[in-house]
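Here are the chains, one letter per residue:
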Amino acid sequence: MKVVVGQGSCGIAAGAGKAFDILENKLNKNHELTFTGCIGMCYLEPIVDVYNNDELHRFVKVSGEIAEKIAEAVNNNDFSISAEYEIADDDKAFLSSQTRIALRHCGLINPEKIEDYIADNGYEAIKKCVTQMTPEEVIEIIKISGLAGRGGAGFPTWFKWNAARNSESEDKYLICNADEGDPGAFMDRAVIESDPHTLLEGMLIGAYAIGAKEAIVYVRAEYPLAVKRLKKAIKQAREAGFIGKNIFGTDFSCDFTIKAGAGAFVCGEETALIESLEGSRGMPRLKPPFPAQSGFLRKPSNINNVETFANVAWIINNGGEKFAAMGTETSKGTKVFALTGKVNKGGLVEIPMGKTLRDVIFGIGGGIRDGKEFKAVQMGGPSGGCIPAHLLDTVIDYKALSATGAIMGSGGMVVMDESTCMVGMAKFFLDFTAKESCGKCTHCRIGTKRMLEILTRITEGEGKPEDISLLEELCYSIKDGALCGLGQTAPNPVLTTLKYFRDEYTDHIENKHCTAHECSKLVKYKINADACRGCTACAGKCPTDAITGEVKKAHLIDRDKCIGCGTCMATCRFGAVEVE
Amino acid sequence: MQVKIIIDGKEILADSSSSILEIAAENGINIPNMCHDPLVEAYGGCGLCTVEAEGVPKLLRACATKPSDGMVIHTDSDRVKQSRKVALELLLTDHTGDCKAPCTKACPAGTDCQGYVGLIANGEYEEAVKLIREKVPLPSSIGRVCPHPCEKACRRQYVDSSISIAFLKSFAADKFIDDTSLLPNKADLTGKKVAVIGGGPAGLTVSYFLSLKGHSVTIFDQMPKMGGMLRYGIPEYRLPKAVLDKEISLIEKTGVELKNNVKIGKDLQFDSIRADYDAVIVAAGAWKSSKMKVNGEWLPGIYGGIDFLREVSLGNKPEIGKNVAVCGGGNTAMDACRTAVRLGAENVYVIYRRTKDEMPADPQEILESEEEGVIYKYLTNPIEFTETDGHVSGVVLQKMKLGEPDSSGRRRPEPIDGETEKIALDSVIMAIGQVPELSGLEELEQTRKGTVAASESDFLTSAEGVFAIGDVSNKGADIAIAAIGEAQKCSIIVDGYLKGEKLCYKKPFVVERDDSEIDYSNFIKQPRAVMPQLSPSERKTSFAEVNKGFTDEMAKAEASRCLECGCHDYYECKLVKYADENDVSYKRLSGEKHSRNTEDRSELISRNEDKCVLCGLCVRVCDKVIGKSALGFVDRGFGTVVLPEFGKKLADTDCTMCGMCVDKCPTGALREKQNIKKSLVVKENSKITVCELCEKRCPIDVRYVGNTIIRIKPYGKDTVLCKKGKFDLIEDKTLLQK
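Residues numbered from 1 in each chain as written. Chains lettered and ligands numbered in written order. Predicted model: local features only at pLDDT ≥ 70, side-chain atom pairs only at ≥ 80, totals over all residues. Heavy atoms only, no water.

Student: Help me understand empty space enclosed by the protein in this model?
Tutor: Summary: where empty space remains is shown by rolling a probe the size of a single water molecule over the atoms. Residues and elements named next belong to chain B. Using the criterion set out here, one finds 15 cavities of 30 Å³ or more in the structure. The volume enclosed by the largest cavity comes to roughly 150 Å³. Lining of the largest cavity is provided by 18 residues; of these, Cys612, Cys618, Val642, Ala669 and Leu670 occupy positions nearest its centre. At the level of elements, α20 (617-626) and β24 (641-644) are the ones that each hand at least two residues to the lining of the largest cavity. Its residues assigned to classes, the lining of the largest cavity shows 13 nonpolar, three polar and two charged. (1 Å grid on protein atoms, 1.4 Å probe; cavity = no way out; pocket = protein on both sides within 12 Å on 5 of 7 lines; lining within 4 Å. Points joined across faces, edges and corners; volume = space filled by probe spheres on them. Helix = DSSP H or I, 4+ residues; strand = E, 2+ residues; numbered from the N terminus. Nonpolar A, V, L, I, M, F, W, Y, C, P; charged D, E, K, R; others polar.)

Student: Just checking my understanding: could you explain the nonpolar core for this structure?
Tutor: In globular proteins that are soluble, nonpolar side chains generally tend to be buried together. Within the largest apolar cluster, 121 residues are counted, with the highest numbers of intra-cluster contacts made by Leu471, Val494 and Tyr505 of chain A together with Ile5, Ile7, Ile31 and Ile605 of chain B. In this view, Leu471 of chain A contacts Met451, Ile454, Leu455, Ile458, Val494, Leu498 and Tyr505 of chain A; residues no more than four positions away in its chain are not counted. Counting residues in hydrophobic clusters, the runner-up holds 83 residues, among them Leu131, Leu498, Ala559 and Cys565 of chain B. (Core = buried A, V, L, I, M, F, W, Y, C linked by side-chain atoms within 4.5 Å. Buried < 20%, exposed > 50% of the residue type's maximum accessible area, 1.4 Å probe, protein only. Contact = heavy atoms within 4.5 Å.)

Student: Honestly, the pairing of strand β3 (residues 48-52) of chain A in this entry has me stumped. Any pointers?
Tutor: Looking along a regular strand, one sees side chains alternate from face to face of the sheet. Residues and elements named next belong to chain A. Counted residue by residue, β3 has four buried out of five residues, so it is predominantly covered. Strand direction decides the pairing type here: strand β1 (residues 2-6) and β3, joined by four bridges, are antiparallel. Its bridge partner lying in β3, Val5 is registered against Val48. Pairing of β3 with strand β4 (residues 55-59), which is carried by five bridges, proceeds in the antiparallel orientation. Each residue of the ladder has a partner; that of Asn52, found in β4, is Glu55. (Pairing = 2+ DSSP bridges.)

Student: Help me out: how do you make sense of the pattern of salt bridges in this one?
Tutor: A side chain of one charge can pair with a side chain of the opposite charge when the charged atoms of the two come close. Per the stated rule, a full pass over the model turns up 95 salt bridges over all chains. With its nearest N and O atoms 2.8 Å apart, the salt bridge here joins Glu278 of chain A to Arg285 of chain A. Taking relative accessible area as the criterion, Glu278 of chain A reaches 28% and is therefore assigned partly exposed. Under the relative-accessibility criterion, Arg285 of chain A is labelled buried at 13%. Close ionic contact of Lys322 of chain B with Glu346 of chain B constitutes a salt bridge, the shortest N to O distance being 3.9 Å. Of this pair, Lys322 of chain B sits in the loop between α13 (305-313) and β12 (323-327) while Glu346 of chain B sits in the loop between α14 (331-342) and β13 (347-352), and the two are 24 residues apart along the sequence. (Salt bridge = Lys/Arg side-chain N within 4 Å of Asp/Glu carboxyl O.)

Student: Can you help me understand the side chain of Ser276 of chain A in this one?
Tutor: Mapped onto the fold, Ser276 of chain A is located in helix α13 (residues 270-277). Overall, the relative accessible area of 12% leaves Ser276 of chain A in the buried class.

Student: Honestly, the pairing of strand β6 (residues 193-197) of chain B in this entry has me stumped. Any pointers?
Tutor: Residue and element names in this part refer to chain B. Within β6, four of the five residues are buried, which leaves it mostly tucked inside the rest of the structure. In the sheet, β6 pairs with strand β7 (residues 216-220) via five bridges, with the strands oriented parallel. Bridged to Ala195 within β7 is Thr218. This β-α-β element, β6 to helix α9 (residues 201-212) to β7, shows right-handed connectivity. (Right-handed = clockwise from strand over helix to strand, strands pointing away.)

Student: What exactly am I supposed to notice about helix α8 (residues 165-175) of chain B here?
Tutor: Side chains of residues three or four places apart in an α-helix project in the same direction, reflecting 3.6 residues per turn. Residue and element names in this part refer to chain B. In terms of burial, α8 is a largely internal element, nine of the eleven residues being buried. What α8 keeps buried is the set Ile165, Ala166, Phe167, Leu168, Lys169, Ser170, Phe171, Ala172 and Ala173. Looking at the buried positions of α8, the neighbouring elements they touch are α3 (102-106), α4 (113-121), α5 (125-133), α6 (139-145), α7 (149-153) and α18 (552-560).

Student: Help me understand the packing of helix α11 (residues 196-210) of chain A against helix α12 (residues 224-240) of chain A, please; the structure alone is not making it clear to me.
Tutor: Helix-helix packing: each pair is described by the crossing angle between the helix axes and the interaxial distance. All names here are of chain A. It is the contact of α11 with α12, at a shortest axis distance of 9 Å, that shows an interaxial angle of 60°. Our classification of the angle between α11 and α12 gives oblique. Two packed elements cross with a definite hand, and for α11 against α12 that hand is right-handed. In this structure, α11 uses Pro196, His197, Leu199 and Leu200 to contact α12, whose residues at the interface are Arg229, Leu230, Ala233, Ile234, Gln236 and Ala237. (Axes fitted to C-alpha atoms, helices over the stretch in contact; angles between N-to-C directions. Parallel < 35°, antiparallel > 145°, perpendicular 65-115°, else oblique. Left-handed = near helix turned anticlockwise from the far one by under 90°.)

Student: Is there a simple way to explain the packing of α9 of chain B against helix α16 (residues 480-498) of chain B in this structure?
Tutor: All names here are of chain B. Their axes nearest at 8 Å, the elements α9 and α16 cross at an angle of 35°. The element α9 and its partner α16 pack so that their crossing is right-handed. Across the interface between the two elements, Pro201, Ala202, Thr205, Val206, Phe209 and Leu210 from α9 touch Ala480, Ala483, Ile484, Ala487, Gln488, Cys490, Ser491, Val494 and Asp495 from α16. Looking at the contact of α9 with α16 residue by residue, the class counts come to eleven nonpolar, three polar and one charged.

Limitation: the analysis is restricted to geometry and does not speak to function.
In structure tokens form, the structure reads like this:
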């Protein structure tokens, strides 16, 4: 039998390493033990798949104890434990409802074995390109497919390739942007950790199309496992002759290098990424000239995101038409989302464009945790916006999402329930962008800081009536005045929350009240004397000694000392702590 | 390639390789920018050069946009202006410093105190006087009599004591009091006639400036000589009339016609002046003593303060006897009591209802009067003047105590029931204020205070073409320098009026710090110069000037104490220029402000991070032009800062001290050390020449004032100087002669 342990970063974080070690120890040697990358069901990690001929047993939430039981079951070929530890039918739908192209190998192959990749038509697409097609023909297929940049902007990929193709230069560069920085987004990491050869092959095709001899992957240094697997994959591909000189015996040569980013969010912006590649401080350049004319080392360069490249080999193998058959009028193919937040089933979701947000959040994601109400979903991370409940039937399509004020973005989908304060949410993302501003533009550097200060005072009950109009003025000024995408999109979380949840802002400002009870300075706790049993638990946990009372007598909260942290409420077993 | 574009409605044939910013500049349209310089690539950071192109949804950065045929650009649309304004406002919310020094801002006439004090410290007396005369045409007189709000604002007081700014002014001005060569060139005659009613400080000042602008000015004054209150209200021992005469004579030499002994309404009708002149400025002053509403106030032997001083100035000797009381606590009261001493009174009392701490008079004046034997009756208030043989013979004083503070913040005096005191007197001088006397000017709308109502922004009265300034208008009597300040501003507005332009006075924009934000601990204490004076005994019997004046050494040493509060880059700073032009109101956006207080002074270059706007020109010029990396950006977001590499001091980096960073810095964040006794902030003269220290012969712009070279800047947009041209050359004192 073949036993496969999901070992993406997420699986390892959940304890997959331990499960693997136990299986390695306990399994009889006649069984094959291997690993794969991210299977995509974060909420069920660690996951162990057992292939018994054609039969798949998928064990979830595999603790050390369960790992031992799995080893026993495999060794004895007795799967009576299945009912208890295998994935529930309901959860199987998480994967079966998806259409996986970019993630087509994720969770299925061993990312560190090129053979696994080759076994599924691997490197056939690049072979087809270099031996049977002109670069123009390659670009034409990509054009037919309608593939657009998956990093967020959604710019047609063929157009960028074509522009770089048409720029005359001996040296050109093909660059992969793997500087995935949005909080809550992990699609690119999953692809690299689970299927690095898909990326390499997509990049090779891109390099062939634009005429580049060098390809560079700019990847976050915070993704050590991705970097490790990518290095290994490059080595394997080079040894196999897919990378290097005269690939498939043709004139096409292309080599790869990896550049680890130093953690600046703005380096996900393509011109800042180029500056960083050149060894300079990551600060965006003015456009034009666009990288297709003057990019890395002032040479024509093309930059695409990981997920974009992950689709390319599939498109070449299956034809542009097949890709374009999926999706909507304006958005073709599939899109990967990192579904997180207050949703029941979080993980990686790849679906065809044109599905609705409801399909993803309530269908695949299984709705909201703990029976709470859905409030909004933040799309596109700090550059995106929130979409409220009444727009849940919005279709996933670049145009339709933009119309709501949010964006497709790179695929971060953070679900929020009634306990999330929308002012606080906007503040969270603005805090992120304000800190990550490179400092170049006045509007972004100081403007986001001022917006953050205003949001902070609103959440602390110090908001002024004119703050909303001041925020709006700053939002539009920053959008107009900032040089790069970071600054131009930074106001989006504020603008969309102002659009859909304006009442929450005025409630904070006028009534010093936070509906979600999340803004600690606005929450006033009290103890219901009838419900209090005088157990002293809350008093013991209170970090500021604000709670007093004798044993077995009702306790009291001292308002002056209380900082509104909510620890008492979480501690009380009798529901005696209430919010006023 | 040539393309046709339209910028602000102007059709332009432009080179397609130039930027919109450059094309606009070549065609006289200056688009604000702070981070652009032809020596380096476009950067696009400051966000000021945004323009709108028709058909393009986004705002474009003019520095980085190349023209395409048919492009229609707007550099001042509402959207552009709003974006630019917000960018400026945001920059200002994190720009820490003082554009102008507190002394200069405190002066009602806006006299550039820091400027002339610095010039005096460098021995540039003539330049100092020219600078003062830009605002005040009576500097010798004003330096002697001004209660100097400048000194009250001077930050040196937090180290030891204020700079003696006023006396430095009269010190310098006295040196050139007879020198007509200092008068600025007069503009060509305009043919316009201006009548000024009243020849006091306001009337003389407005006449001087309007005359220099080419208008024909005539002053009508009711008194025998010009000078107004300076002549008839200030005693000789403070302001010798010979000094005033000389200053008035200089004003007369600019072409102002002086007509004395003309009382409006009596000798000449206001209507006929209005008919005969293109503009009329009412500067008639406030000549009527205020009354106190006390029993017996009408008695013979009781004088109004201003009436008493006028009589003495006219050479008359009012009968005041041996025992004299002066009621009031202001500077007129001081002048009255000290004059009474000099007229031979034996007991001179000052009656004041509060205590010395609340007295509005200059403390120095109080001290000097005490030295001269004046007796102070604090916390007393006259309730009745007694009479003997139809003449005042004494006063009954109500004793007072201080209660709760009133609206002015001073503690309110309250009577103590039943406690009174009687003093026998021969005469009383009521120095409790003065109001205008408006007979002959009845047609002008008045304020509730009985002054002429005039607009605060353009000095216009209710009558067309009639302006009012000084004590006669609005809030009434004030100090002379306030009247001079209004007069100088009014001259600009009247000049505009005569040319058919409608102007308004707008206070110049400044960034400022609170006095408490500054660390004074690093300044070395050095006491204020003591003005040499006649001894009290000499003073009591003579009207000779009390103050003997500073020597050159004393003046230079005193001027050198200046802390140089105002920014050294004021006249070069783009930020303050644009802020002033764009009507910014940045306070609404204010928040956390950097106050790093880490001034890095190398031998030749000083850095002040608190004034940096992150334009990056220093970093880029150093890197791309000089090929060094002495400066770089550190940190991200709001905390981004330009620092020398690896946290070193600038002098410890690979900096070559070429000073190009200083010359490219749009604000005062980087500045060169001035190789002179006291660093100057003045409008500099410019002399274009070449540096001859090597065969490259770089074109240079030598900035100087008088005989003092302040700095050398590269001349021309492509010039790159080295340390030799920037700094070493200054040592060559013959540079200016060349």
